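Okay, here's what each chain looks like letter by letter:
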Amino acid sequence: MRACFGVKTQLLISRVFSRPSTAVRWRAVQTRLLCSPPTGEEKPQHSMLRHLTTKIKATGPIPVAEYMREVLTNPVTGYYVTNDMLGPEGDFITSPEISQIFGELLAVWAVSEWMAAGRPEQLQLVELGPGKGSLASDVLRVFGQLRAVLGGASVSLHLVEVSRALSRLQAQSLTGSRGQEAHGEDEPAYRRGETGAGLPVSWYRRLEDVPAGFSIFLAHEFFDALPIHKFQRTQKGWREVMVDIDPEKPDQLRFVVAPSPTLASSTLVQVTDLETQLHTHTADTQETLFWFGTRQGFKGHRLHDVLSSPGSADLTADVDFSFLRRMAGGGVACLGPVPQRTFLKNMGIDSRMQVLLRSCGDASTRQQLIASYDVLTNPAKMGERFRFFGLLHPRRLARPAPPAGLKLEKKPSPAPLPVAGFTELGLS
């Protein structure tokens, strides 16, 4: 596999890594997806279930997107708002929680792109859905090791987080006692602080509240948690699948097909090239299709019925990267997606592993390092399942303009700087 980063990026990697640092298919509306709950299944969270049933009784069946939005981000009982869902004791674990190497490599990526952009005086690192703050912490640690490279650039961290509970965990990890919540509700940032190295950190509920400036955005496992609509093709055309109360079991929910077009299904019909707009296409009238892919629930690191105990489990969807490309439009350069294994190996994960293993004398720690490397890169685990996707300014991949004036000899235009981590470069 060829490496896809330039000399500057290789120097960054060598400087940082030369020393150790501390689908299941929904076949029919009546079929319950992933309905093999873990042993000792808890009773439904009555507060969220009661909220949803009251809402449905008042307005009728709700779209899957609205169900997902309520279950995950309701300000009172939403899953992301009230639960500590990450890590071995939570419902799922993410790559930054598995190994520090993941965040270190993304830090090198961020600095290399900052350099390729002409070393702006300002560098804002913006993370969407920052979990426990592990990724941001690892990135900032590498930034500290590269202070000589960053020079006098003004570096700041901006976290977009809707969960107050998670923001407190992030603040504890990143700022400790050097932070506080905002006094006024109308302030853009609801929490501010600074790291031990003096870097400012701010928390926001909305992306549009992040101040303007040169920014590098990280959105790890973010788009798979956005609300999606669900559709089914019937003899009358495309209809939206809704969430309703089961008439035979009033304390349970079920999926139903809307008898007439909804706003979402009407919009779907207006799409001219349906086969490319939807993730899957089939002639089977019982197939259901998604904008973003398969809907799944996770609880206690196991698959969970998406309609059972709403508010107690995470809901995710496979991201349709072609849809993201179309939504990004022609104003950006889209890179990838490439498998996580490919990206991490191109960024030097093997070299970093060798450094860590050489400096580690404890057998159990070495075994943990090897196991985490396997989880991140093994094709049967996260290596192929997870993907990296980059959005850059088109100038980043543009060839330099040839000099004006008399030319004594014709030389080919220099190629644009390669982008670290990606083997395939191209404009969308």
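Definitions and limits used
- Residues numbered from 1 in each chain as written.
- Predicted model: local features only at pLDDT ≥ 70, side-chain atom pairs only at ≥ 80, totals over all residues.
- Heavy atoms only, no water.
- Buried < 20%, exposed > 50% of the residue type's maximum accessible area, 1.4 Å probe, protein only.
- Helix = DSSP H or I, 4+ residues; strand = E, 2+ residues; numbered from the N terminus.
- Pairing = 2+ DSSP bridges.
- Core = buried A, V, L, I, M, F, W, Y, C linked by side-chain atoms within 4.5 Å.
- Contact = heavy atoms within 4.5 Å.
- Arc of directions from axis to C-beta.
- Polar contact = N/O pair within 3.5 Å; in protein donor to acceptor, adjacent residues only side chain to side chain.
- Axes fitted to C-alpha atoms, helices over the stretch in contact; angles between N-to-C directions.
- Parallel < 35°, antiparallel > 145°, perpendicular 65-115°, else oblique.
- Nonpolar A, V, L, I, M, F, W, Y, C, P; charged D, E, K, R; others polar.
- pLDDT = per-residue confidence, 0-100.
- Left-handed = near helix turned anticlockwise from the far one by under 90°.
- Salt bridge = Lys/Arg side-chain N within 4 Å of Asp/Glu carboxyl O.

Re the pairing of strand β3 (residues 154-160)
- Within β3, six of the seven residues are buried, leaving the element largely enclosed by the surrounding structure.
- Both strand β2 (residues 122-128) and β3 contribute to a ladder of seven bridges, which runs parallel. Along β3, the bridge assignment pairs Leu123 with Val155.
- As judged from the four bridges shared by β3 and strand β6 (residues 200-204), these two strands associate in the parallel manner. From the neighbouring strand, Val160 faces β6, where its bridge partner is Tyr204.

Points about the nonpolar core
- Judged by nonpolar contacts, the single largest core of 54 residues is most densely connected at Trp109, Phe143, Leu157, Phe343 and Phe422.
- When residues of this core are assigned to their parent elements, the largest contribution, eleven residues, is made by helix α6 (residues 100-116).
- Contacts of Phe143, omitting those with residues within four sequence positions, involve Ala107, Ala110, Val111, Leu123, Leu150 and Val155.
- By size, the runner-up hydrophobic cluster in this structure holds 21 residues, among which are Ile56, Ile62, Tyr80 and Leu307.

Quick notes on helix α9 (residues 164-174)
- For α9, the complete set of buried residues consists of Leu166, Ser167, Gln170, Ala171 and Leu174. Seen end-on, α9 carries its buried residues on one side only, within an arc spanning 140°.
- Two or three places before Ala165, at the opening of α9, Ser163 has a side-chain oxygen 3.4 Å from that residue's backbone nitrogen.
- Phi turns positive, to about 60°, at Gly176, one or two residues after α9.

Some points on the sheet that holds β2
- With respect to topology, six strands assemble into an open sheet ordered β4-β5-β6-β3-β2-β7, the strand pairing being mixed. Lying at the two open borders of the sheet, with one neighbouring strand each, are β4 (179-181) and β7 (215-218). For this sheet, the mean angle separating the axes of adjacent strands, direction not counted, is 20°.
- As paired strands, strand β5 (residues 189-194) and β6 are joined by five bridges and run antiparallel to one another. What sits directly across from Glu194, in β6, is Pro200.

Description of the packing of helix α14 (residues 349-358) against helix α15 (residues 363-377)
- Across the interface, α14 lies against α15 with an axial gap of 10 Å and an inter-helix angle of 170°. Taken together, the axis directions place α14 and α15 in an arrangement best described as roughly antiparallel. Facing Ile349, Asp350, Met353, Leu356, Leu357 and Arg358 of α14, the residues of α15 in contact are Arg366, Leu369, Ile370, Tyr373, Leu376 and Thr377.
- Split into classes, the residues belonging to the contact of α14 with α15 amount to eight nonpolar, one polar and three charged.

Some points on the confidence of the model for the protein
- Per-residue confidence for the protein gives a mean pLDDT of 78; residues scoring 70 or more make up 73%.
- Per-residue pLDDT stays below 50 along residues 86-92; that stretch engages in 25 contacts with residues further than four places along the chain or on separate chains.

Overview of the packing of α6 against helix α7 (residues 134-145)
- At a closest axis distance of 8 Å, the pairing of α6 and α7 adopts a crossing angle of 55°. When the interaxial angle is binned, α6 and α7 end up oblique. The two elements α6 and α7 meet at a crossing, and its hand is right-handed. Residues Gln100, Phe102, Gly103, Glu104, Leu106, Ala107, Ala110 and Val111 of α6 lie in contact with α7, whose contacting residues are Leu135, Asp138, Val139, Arg141, Val142 and Phe143.
- Here the contact of α6 with α7 is composed, by residue class, of nine nonpolar, two polar and three charged.

With respect to the environment of Arg50
- By the secondary structure assignment, Arg50 is in helix α2 (residues 46-59).
- By relative accessible area, Arg50 is classed as exposed at 51%.
- Placed 260 residues apart in sequence, Arg50 and Pro310 show a C-alpha to C-alpha distance of 9.9 Å.

So, the pattern of salt bridges
- The final tally for this structure, using the stated rule, is 13 salt bridges.
- The closest approach of N and O atoms between Arg396 and Glu113, which form a salt bridge, is 2.8 Å. With Arg396 in the segment after β16 (387-392) and Glu113 in helix α6, this pair connects stretches of sequence that are 283 residues apart.
- Here Arg396 falls in the buried class, since its relative accessible area comes to 12%.
- Relative accessible area serves as the criterion here: at 7%, Glu113 is assigned to the buried category.
- Bridged by salt links that share partners, the residues Glu104, Asp138, Arg141 and Arg352 form one connected network.

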